[in-house]
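# What the coordinates show
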Amino acid sequence: MERELSSALAVQPGDRRLDERPLVESLRRGKPEAFERLVLAYQHRVFSIALRMLADRGEAEEVAQEVFLRVHRSIRDFRGEAKLSTWLYAITSRLCLNRLKSPSRARRVGEAALMRMADAHPNPGARLEASEMEAALHRAIGELDGEQRIVVVLRDVHGLAYEEIAAALDLPLGTVRSRLHRARMELKARLEPFLS
Amino acid sequence: MSCHEARELFSAKMDGFLTPAERSALDRHLQACADCSREWQRFSRTVGLLRAVPEARAPAGFGRRVLEAATRERWPRRLLRRVFVPLHVKLPLEAAALIAVSTLVILLYRQPPEFQRAAGPPVPGVTAPAAESPGKVAPYGARQEPEAAMEKGQPAGKEEAVPAERPSVGGRTDVSREARKSAAPAPESKVAARAQGPFHLVGLLRATSRETLDSQLGDLVKQVGGILVRDADRVGPGSIVEVIIPREAYPRLLAGLRQIGDFTVETRAKAFPDQVRIGIRIAN
């Protein structure tokens, strides 16, 4: 048991080679250290997806925290039919899309929020060096509609496989492909001035 | 391949999903079409930029805050879950509760006679008096009144009440002796008294001849086709005799007892079953 846990705990955050089975078993048994390990392993990935989707660090942190609390509350119901990471991405995506659809948020978030997205670089020094292109890219991402944005964020920014995206968003694979292609083409169009 | 068809394949080319035939067709088109070639360059650069976006890092202390929040919401949920949800807790609790309730029911049923009587079927005969109430005949299922239809013509004066100080009659002879020995209630005698079976009739026999009593009683019971159970080797004063006879033999037994001496019915059931159990106390 301790050995299993140790092997699960040994992975680095975001490591895709993570063998989730011992971690899931420990989580189901209510091991606090297992939950801690889950948070450590996925906090940056979950926060990053939320940030790229919402373009607001405060909101992204709220969503990321809610993701982990939901996992904590319902890990006993996790049937293991999908990967634990896919489940995490599904919750994150759903919470982000729900926020984007909120009418009150749509009024609140304006150009300022889109600008903050460009400022979301973790390193303040690097932020100053961020190119105009990078700022434009973040702005363009923020201008995509939510359904397209989540596909681009999961695939191109965070490198998920098509199948994993389809599972997380509960979409057919073909829909994921077409949505991703439309999003990329739209981004290309928005970045046209910077690409020529 | 048209330009539109070519550009629709950009994502598949980017992700390496093209078949060899599609890839060669697209490459041929891109070599021949400057616009599509430029579009492809822009497309691939866009995707390259997206893929170069670094993964954002959660704010410092984020993990700690999540764990604290989980801990805060954990205890009431954990309490509820441990009481109601997990089988490894719920099943033993339910089993323990079932055992406790069953034990309680058994104890309640077995210990107080009132519960036994209330729970059990009506006893057709006379319940033998318990030792804790010496001198009193248990009234349940019996009537302390002159004999009824089966003994017509019996003088009412003979149906006198049993004196209060007289020892009670037990259904089992050894139990009855124990009961007589101790007027004070004892736990053992209580248990024994509860274990006694009911007599359908209890009477007092004052024999004319004590010397021939034993043989006379034995002969009489034999004649009526009954069974005699003595509490001693020989029936004598103070003895308790249990007689079991067929119901139809009761008049003949009664007539025979009155030839042996003075027999007084003390208690009797309203109706007799096929086999009637009679307790005969031999007077001193």
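Details of the structure are given in the entry above.
Just so you know, these numbers come straight off a predicted model, no measurement behind them.

## Describing the overall build of chain B
Per the secondary structure count, chain B includes 11 helices and six strands. In chain B, which comprises 284 residues, the proportion classed as buried is 40%. Of all intrachain contacts in chain B linking residues separated by at least 6 positions in sequence, the fraction that spans at least 24 positions is 71%.

## A short note on unusual backbone geometry
Within the chain, alanine 55 of chain A stands out as a residue other than glycine whose phi angle is a positive 60°. Although it is not a glycine, aspartate 170 of chain A sits at a positive phi angle of roughly 55°.

## Observations regarding the environment of arginine 206 of chain B
Residues and elements named next belong to chain B. As for its placement among the helices and strands, arginine 206 is situated in strand β2 (residues 201-207). A sequence separation of 52 residues divides arginine 206 from arginine 258, and the C-alpha atoms of the two residues are 9.3 Å apart. Dropping the residues within four chain positions of it, arginine 206 is found in contact with Gly261, Asp262 and Ala283.

## Points about the state of the cysteines
Residues and elements named next belong to chain B. Scanning the entire structure with this criterion turns up zero disulfides over all chains. Its sulfur unpaired, cysteine 36 is 3.5 Å from the next cysteine sulfur, which belongs to cysteine 3. For cysteine 36, a relative accessible area of 0% corresponds to the buried category.

## Focus: the interface of chain B and chain A
Each partner contributes residues to the interface: chain B has 34 residues there, and chain A has 44 residues. Summed over both sides, the interface between chain B and chain A buries roughly 3,800 Å², with carbon and sulfur atoms accounting for 61% of that surface. Looking only at chain B, the three residues that lose the most surface to chain A are Leu50, Glu55 and Phe62 of chain B, adding up to 16% of its buried area. For the pair chain B and chain A, the interface holds eight salt bridges. Two residues, lysine 188 of chain A and glutamate 39 of chain B, come together in a salt bridge whose shortest N-O distance is 2.2 Å. Contributions of two or more residues to the side of chain B that touches chain A are made by α1 (3-8), α2 (10-15), α4 (34-52) and α5 (62-84) of chain B. Taken together, the residues of the side of chain B that touches chain A sort by class into 17 nonpolar, three polar and 14 charged.

## As for the environment of alanine 69 of chain B
Residue placement: alanine 69 of chain B occurs in helix α5. Not counting residues within four places of it along the chain, the set of residues in contact with alanine 69 of chain B comprises Gln65 and Leu69 of chain A.

## Considering the pattern of salt bridges
Side-chain pairs of opposite charge can arise whenever the charged atoms involved come near each other. All told, the structure shown has 27 salt bridges over all chains when counted by the stated rule. For the salt bridge of arginine 73 of chain A with glutamate 66 of chain A, the shortest nitrogen-to-oxygen distance reads 3.0 Å. For glutamate 39 of chain B, the salt bridge is made with arginine 42 of chain B, and the minimal N-O distance between the two is 3.7 Å. Of this pair, glutamate 39 of chain B and arginine 42 of chain B both sit in helix α4, three residues apart, roughly one helical turn. Under the relative-accessibility criterion, arginine 42 of chain B is labelled buried at 16%. One salt-bridge network, held together by shared partners, links Arg155, Asp156 and Arg184 of chain A together with Asp15 and Arg51 of chain B.

## Description of the packing of aromatic side chains
For the coordinates displayed, the defined rule picks out six aromatic pairs over all chains. Measuring from centroid to centroid gives 4.8 Å for tyrosine 162 of chain A and phenylalanine 17 of chain B, while their planes differ by 80°, and the two rings are edge-to-face. One end of the pair, tyrosine 162 of chain A, is in helix α11 (residues 162-169); the other, phenylalanine 17 of chain B, is in the loop between α2 and α3 (20-32), on a second chain. Under the relative-accessibility criterion, tyrosine 162 of chain A is labelled buried at 2%.

## What about the packing of helix α3 (residues 32-54) of chain A against helix α5 (residues 84-101) of chain A?
All names here are of chain A. Between α3 and α5, the shortest axis-to-axis distance is 10 Å and the interhelical angle comes to 30°. What the angle tells us is that α3 and α5 run roughly parallel. Pair α3 / α5 crosses with right-handed handedness. Contacts between α3 and α5 pair Leu38, Tyr42, Arg45, Val46, Ile49, Ala50, Met53 and Leu54 from the former with Leu84, Ser85, Leu88, Tyr89, Thr92, Cys96, Leu97, Arg99 and Leu100 from the latter.

## Concerning the pairing of β2 of chain B
Residue and element names in this part refer to chain B. Within β2, six of the seven residues are buried, leaving the element largely enclosed by the surrounding structure. Bridge count for β2 against strand β6 (residues 275-282) is five bridges, and the pairing is parallel. Bridged to glycine 203 within β6 is isoleucine 280.

## Notes on the nonpolar core
In this structure, Phe35, Leu38, Met53, Phe68 and Leu84 of chain A are the most contacted members of the largest nonpolar core, which totals 68 residues. Among all residues touching phenylalanine 35 of chain A, those that are not within four sequence positions of it are Leu27, Phe68 and His72 of chain A together with Val66, Leu67 and Ala70 of chain B. One finds Leu201, Ile245, Leu253 and Ile278 of chain B within the second-largest nonpolar core, a separate group that totals 26 residues.

## What to know about α3 of chain B
Residue and element names in this part refer to chain B. A rise of 1.5 Å per residue sets the reference length of α3, with its 13 residues, at 18 Å; its end C-alpha atoms lie 18 Å apart and thus fit the reference within 8%. All of the buried residues in α3 are Ala25, Leu26, His29 and Leu30. Seen along its axis, α3 keeps its buried residues to an arc of 135°; they face one direction. Exposed side chains of α3 directed beyond 90 degrees from the buried face belong to Pro20, Ala21, Arg28, Gln31 and Ala32. The inward-facing, buried residues of α3 contact α1, α2 and α4.

Calculation criteria
Residues numbered from 1 in each chain as written. Chains lettered and ligands numbered in written order. Predicted model: local features only at pLDDT ≥ 70, side-chain atom pairs only at ≥ 80, totals over all residues. Heavy atoms only, no water. Helix = DSSP H or I, 4+ residues; strand = E, 2+ residues; numbered from the N terminus. Buried < 20%, exposed > 50% of the residue type's maximum accessible area, 1.4 Å probe, protein only. Contact = heavy atoms within 4.5 Å. Disulfide = S-S within 2.5 Å. Buried area = accessible area lost by both parts, 1.4 Å probe. Salt bridge = Lys/Arg side-chain N within 4 Å of Asp/Glu carboxyl O. Nonpolar A, V, L, I, M, F, W, Y, C, P; charged D, E, K, R; others polar. Phe/Tyr/Trp six-rings, centres within 6.5 Å; stacked < 30°, edge-to-face > 60°. Axes fitted to C-alpha atoms, helices over the stretch in contact; angles between N-to-C directions. Parallel < 35°, antiparallel > 145°, perpendicular 65-115°, else oblique. Left-handed = near helix turned anticlockwise from the far one by under 90°. Pairing = 2+ DSSP bridges. Core = buried A, V, L, I, M, F, W, Y, C linked by side-chain atoms within 4.5 Å. Expected span 1.5 Å × (residues − 1). Arc of directions from axis to C-beta.

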